Each structure stands twice: as structure tokens, then as C-alpha cells.
Amino acid sequence: MLIKDAQFVISNTDYRKCPQDGKPEYAFIGRSNVGKSSLINMLTNRKKLALTSSTPGKTQLINHFLINDEWYIVDLPGYGYAQRGKEGRNLIAKIIETYILNRTQMTNLFLLIDSRHEPQLIDMEFMAWLGEKAIPFCIVFTKSDKLSRSALKINTNNYIEKLSEEWEELPSIFFTSSEKGEGKEDILNYIDQLNKL
Ligand code: GDP
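Calculation criteria
Along every chain, residues carry numbers that run from 1 in the direction the sequence is written. Only residues with pLDDT of at least 70 are given local features in this predicted model, and only at 80 or more are side-chain atom pairs given and counted; all residues enter the totals for whole chains, interfaces and linings. Hydrogens and water molecules were not included; the side-chain quantities draw on all heavy atoms of the structure. Each pair of aromatic rings taken from Phe, Tyr and Trp, with Trp reduced to its six-membered ring, is defined by centres within 6.5 Å and is described as stacked if the planes are under 30 degrees apart, edge-to-face if over 60, and tilted in the remaining cases. By definition, any uninterrupted DSSP run of H or I lasting at least four residues is a helix, any uninterrupted run of E lasting at least two residues is a strand, and each is numbered from the N terminus. Residue burial is assigned from relative accessible area. The probe radius is 1.4 Å, only protein chains are included, and a residue is buried under 20% of its type maximum, exposed over 50%, and partly exposed in between. In this analysis an axis means a line fitted to C-alpha atoms, helices contributing only their contacting stretch, and an angle means the value between N-to-C directions, from 0 to 180 degrees. Note on angle classes: values under 35 degrees are labelled roughly parallel, values over 145 roughly antiparallel, values of 65 to 115 roughly perpendicular, and the remainder oblique. Only heavy atoms enter the contact rule, under which two residues are in contact if any of them lie within 4.5 Å. The nonpolar class holds Ala, Val, Leu, Ile, Met, Phe, Trp, Tyr, Cys and Pro. Asp, Glu, Lys and Arg form the charged class, and all remaining residues, Gly among them, are polar.

Some remarks on the packing of aromatic side chains
Then step 1. Here the structure, examined in full by the defined rule, presents eleven aromatic pairs.
Then step 2. Centroid distance Phe110 to Tyr190: 6.2 Å. Interplanar angle 75 degrees. Geometry classified as edge-to-face. Of this pair, Phe110 sits in strand S5 (residues 106-114) while Tyr190 is found in helix H5 (residues 184-196), placing the two residues 80 residues apart along the sequence.
Then step 3. In this structure Phe110 comes out as buried when scored by relative accessible area, which is 0%.
Then step 4. Relative to Tyr190, the ring of Phe174 lies with its centre 5.3 Å away and its plane at 80 degrees, an arrangement referred to as edge-to-face. Taken together, the residues span a long stretch of sequence, with Phe174 in strand S7 (residues 173-175) and Tyr190 in helix H5 at a distance of 16 residues.
Then step 5. Within the aromatic cluster, the residues linked to one another by ring pairs are Phe28, Phe110, Phe174 and Tyr190.

Have a look at this one:
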């Protein structure tokens, strides 16, 4: 799929104020600094569509980007950010939870995991919750360029093995590098297929 047009539409803390046109939405989520904004910018060929972590005062909101006037990329707040304190974390969790549970046009959720990391409890718990609520999701291993091919394979295989202990059927898995533009076609084709259903 070719992205001809990508536009920022609106930021919200409340899913009820999100666009009402019923277009399919693909949400992206992960721990802060996982590379979510970089991935959204890479997918859309824009340098600054989504604000990266280095942007001063980056706020934690639900951001809607309209793609080709047909579907939305939804940038969800990063979770598990220690500096935010307990109250801040709870608030973000609420924003994320209500969006995911109530937004019927959310077609798929892309959960981003830094390829270099060991399985983290917070991500595992989040996935268990998604499973419990029957939310369709995929895993995206980000920053694949930061590891050698063999280290990437070993690390992500370990991750997948750990997941297999808890999941009978694994979700679809993507490997991406926003530096190198890797994984772009795979993700866009996946979205294209779902849009056609
Ligand atoms: P966010 O907080 O999840 O939106 O993460 P950002 O997109 O702001 O990325 C966090 C940091 O990781 C930034 O310094 C990015 O330049 C870096 N980064 C993100 N994606 C990649 C990638 O694919 N490869 C490399 N080498 N660095 C990346």
C-alpha cells in the first residue's frame, strides 16, 4: 500500500471525543521510548508527524492521523513510564484501557517491543489483558538495526519462546527498523489486507 496522504487530525484524552466517521483504526502502543513515534513517521514517510520522545513537553494523548482519507493510525500514550509517578501512570492506564475497550473501529493494535529487551512483566501483563478481552493485536519488534542479525534472532526467539509458554496461538509478529525503513511494507500490507476484509 502506498501512503499518499497522512494528516494529524486530533489529540484526545477521552475516546468519546475521537473522530466519529467510523473509519478503521490501527493503534500503536508500547512502553515509552520503544520507538513508536519513529515507527509512525517511518510508516508514513514523514519526519515529524508523530512527536518523538526528544520533543520537549511531549504530551501523552490519543493522537489520530488520517491516512489516505481512508483509515487512521492512532498513536496511544506510552505506558510504564517511571517518572510519571503512580497517579500519572493510573491516569494513562485509564485512557488506554477505555480507548481499547470501547473503540469498536479499532481493527488491530500493534504492540511495540524493543528487540533488545528481555520479556518485561508489564508487556506480558498487558498482552494477557488483551487476550482476556479478546482484543486483536500483533507484536512489533522495534529497533532491529541495533542488534546483529544473529543476536536479533536469538533475542526475539527467546521472547517468542517465553510467549509460547502462555499463548496457544501466537499473534502475528513484525520486525522493524525505523532507521533502515525495515518492516514498513509488511505492516502496511497487513493493514491493507484488513482494510479490504
Ligand atoms: P517513543 O517514545 O516510543 O515514541 O520512541 P521514539 O520514536 O521517540 O524513539 C526513542 C529513541 O529511540 C529515539 O532516540 C529514537 O531515535 C530511537 N529509535 C527509535 N526507533 C529506532 C530504530 O528503529 N533504530 C534505532 N537505531 N533507533 C531508534
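Section: the packing of helix H1 (residues 36-44) against H5
Then step 1. In the contact formed by H1 and H5, the axes pass within 10 Å of each other and the chain directions differ by 75 degrees. Relative to H5, the element H1 is oriented roughly perpendicular. Two secondary-structure elements touch here, H1 through Leu39, Met42 and Leu43 and H5 through Lys184, Ile187 and Leu188.
Then step 2. When grouped by side-chain class, the residues that make up the contact of H1 with H5 number five nonpolar, no polar and one charged.

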